[in-house]
Amino acid sequence: MSSETPSQKPRVAVVFGGRSSEHAISVVTAGAVLAAIDREKYDVLPIGITTDGRWVLTADAPERMAITDRKLPDVAELSESAEGAVVLPVDPTSREVVYSEPGAGPKALGEVDVVFPVLHGPYGEDGTLQGLLELSGVPYVGSGVLASAVGQDKDYMKRVFTSFGLPVGPYEVVRPREWEQDPAAARKKIVDFAGEHGWPLFVKPARAGSSMGITKVDDVSGLDAAVEEARRHDPKIIVESLLTGREIECGVLEFEDGPRASVPAEIPPVSDHSFYDFEAKYIDSAAGLVPAPLTGEQTARVQELAVAAFEAASCEGLVRADFFLQDDGEFVINEINTLPGFTPISMYPRMWQETGVSYPELVDRLIQAALRRSTGLR
C-alpha cells in the first residue's frame, strides 16, 4: 500500500507485455483484466514489460490495449516514459515497488499485495516470472514455477500426462543440437515419424502459444521451411500427427474447495484457415460453440480429464485444457495453458460465463485464490 495514499484495499499489480512473440496478445488480455477489476475492492498498478524486457509504468487505459483495425497493441506505446523503469526488489521482507528515471532519485510506488501476470509464452508464462515473484515473496495469480514450466513446454507436458495415464497423441521432438549439428538425421527422424503416423504433420515451437510458429505440413517438400518457422520462436520443436476429430476445450478454476471444471466449448472448423491459427483466434475472431454440443457422458469425461491434467501438472489458479474428441469417441489431450487468454473473445472466460461465473467474478476469484496462497513450498 502506498505511503502517500493509505488504503486498506489490496493492491494488484497487473503485469503484461513481455519479450515473447505473444507480446501483443498479452497487452490485449491486460486491457480486459484491467477493465474488469473491481476498483472499489482493489487498488491497481499497471506494469508493462517491453519487448526488450524493460519494466515500465503504463497508462491505466484498457481502451488503448485492444486490437484496432488489425493493428496489434504494444507496451512501448503505453509507457509513461521512454527511459524510466520499474523495479521489484528481490527481498521477501519488502514488497515495495520502486520507479527510477535517469538523473532522478528512485521513487517509491508503494507495496504490492498480489501480482496478476497476464504474460503469455516464454519470460512470463514459463516459470521465469513466477520464480522472481517467489524470490520477492509476492503472491501471484496462477501456477507456480514447476507447473508453469511444464505447461509451457509441450515436450515435458506430454511426458507428465503420459506418466499419469492421460491420453496424448503421437509426437516427436527435435532438440536444438539435433537440427543444428545433423539436420539430415533430424529430417529423417521426422520423415520416419510421418511414415509411421502419416501426413500431414504439425510442426510447432515446443515452448510457444497462441498458435505462433505452427505450420501444417502436407509432405516432405514443406518440411524444412516449417522447421525454420518454428525455430524462429523456439530452437526446440515438436512434431505432431494429425488427429482427426472435434476440438474441445475446458476451463479449470481453483475454488476454495479445489479445482472445478467449466462447461466445455468446441472450436468448429475454420473455413478460411487450415487450422485454428493466430489469425483465426485473434484477428478474424473465430467463434467457438459454448457449451459444446456433447452428450452428458462426454461432458463429464472431458471435465474429469481437464481436472486430472490440472492436478497432474501441479497447477494452481486456472488452466485451459485443449482436447481432441476422436472419431472413436475417445478424448486425447492436446495441451494445457496455465495463463490462457482473457481477451474479450477468449474461450476461457466464455466457458466460465456459461458456467455461471461472470468475467468480473472470474478475475476476483483468481485474485482471492492468489491472496490465500503463500509463496515458497506449499
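In what follows, the structure referred to is the one given above.
Everything numeric here is computed off the predicted structure, so don't read it as measured data.

1. With respect to empty space enclosed by the protein
Taken as a whole and assessed by the stated rule, the structure comprises three cavities of 30 Å³ or more. Of the voids in this model, the second largest cavity is the one considered here, and its volume is about 50 Å³. Considering the residues around the second largest cavity, the lining is formed by Ala13, Val15, Ile47, Trp55, Val86, Leu88, Val97, Val112 and Val115. The residue makeup of the lining of the second largest cavity, split by class, is nine nonpolar, no polar and no charged.

2. Description of the pattern of salt bridges
Across all of its chains, the model carries 30 salt bridges by this definition. A salt bridge links glutamate 316 to arginine 378, with the shortest nitrogen-to-oxygen separation between them at 2.9 Å. Here the residue glutamate 316 occupies a position in the loop between α10 (296–312) and β15 (318–325), and arginine 378 occupies one in the segment after α12 (359–372), the gap between them amounting to 62 residues. Glutamate 316 gets classed as buried once you look at its relative accessible area, which sits at 15%. Three or more residues are tied together by salt bridges with common partners; here these are Glu134, Glu254, Glu316, Arg373 and Arg378.

3. So, the packing of helix α4 (residues 145–152) against helix α5 (residues 154–163)
In helix packing, the relevant descriptors are the interaxial angle and the interaxial distance, both defined with respect to the helix axes. Running from N to C, α4 and α5 point in directions that differ by 105°, and their axes come no closer than 5 Å. Taken together, the axis directions place α4 and α5 in an arrangement best described as roughly perpendicular. Counting all contacts with α4, which are made through Val150, Gly151 and Gln152, the residues of α5 involved are Lys154, Tyr156, Met157 and Val160. Taken together, the residues of the contact of α4 with α5 sort by class into four nonpolar, two polar and one charged.

4. Focus: the sheet that holds strand β2 (residues 43–49)
The mixed open sheet is built from four strands, whose spatial order is β3-β2-β1-β7. The open sheet has two edge strands, β3 (55–57) and β7 (114–117), and neither has a second partner. Going across the sheet, the axis of each strand differs from the next one's by a mean of 30°, ignoring polarity. Sheet topology places β2 next to β3; three bridges connect them, and they run antiparallel. For isoleucine 47, the partnering residue across the bridge sits in β3 and is leucine 57.

5. Some remarks on the sheet that holds strand β8 (residues 171–174)
Reading across the sheet, the four strands line up as β8-β11-β9-β10 and stay open at both edges, with antiparallel pairing between neighbours. One side of each edge strand has no neighbouring strand; the edge strands of this open sheet are β8 and β10 (215–217). Going across the sheet, the axis of each strand differs from the next one's by a mean of 25°, ignoring polarity. Here five bridges tie strand β9 (residues 201–205) to strand β11 (residues 237–241), and the two strands are oriented antiparallel to one another. Its bridge partner lying in β11, phenylalanine 202 is registered against glutamate 240. Running at roughly 25° to β9, helix α8 (residues 223–231) makes contact with β9, β10 and β11 of the sheet.

6. Observations regarding the environment of alanine 300
Position of alanine 300 relative to the elements: it lies in helix α10. Its relative accessible area of 41% is what places alanine 300 among the partly exposed residues. Note: C-alpha distance between alanine 300 and proline 264 (36 residues apart in sequence) is 9.4 Å.

What counts and what doesn't
Residues numbered from 1 in each chain as written. Predicted model: local features only at pLDDT ≥ 70, side-chain atom pairs only at ≥ 80, totals over all residues. Heavy atoms only, no water. 1 Å grid on protein atoms, 1.4 Å probe; cavity = no way out; pocket = protein on both sides within 12 Å on 5 of 7 lines; lining within 4 Å. Points joined across faces, edges and corners; volume = space filled by probe spheres on them. Nonpolar A, V, L, I, M, F, W, Y, C, P; charged D, E, K, R; others polar. Salt bridge = Lys/Arg side-chain N within 4 Å of Asp/Glu carboxyl O. Helix = DSSP H or I, 4+ residues; strand = E, 2+ residues; numbered from the N terminus. Buried < 20%, exposed > 50% of the residue type's maximum accessible area, 1.4 Å probe, protein only. Axes fitted to C-alpha atoms, helices over the stretch in contact; angles between N-to-C directions. Parallel < 35°, antiparallel > 145°, perpendicular 65-115°, else oblique. Contact = heavy atoms within 4.5 Å. Pairing = 2+ DSSP bridges.

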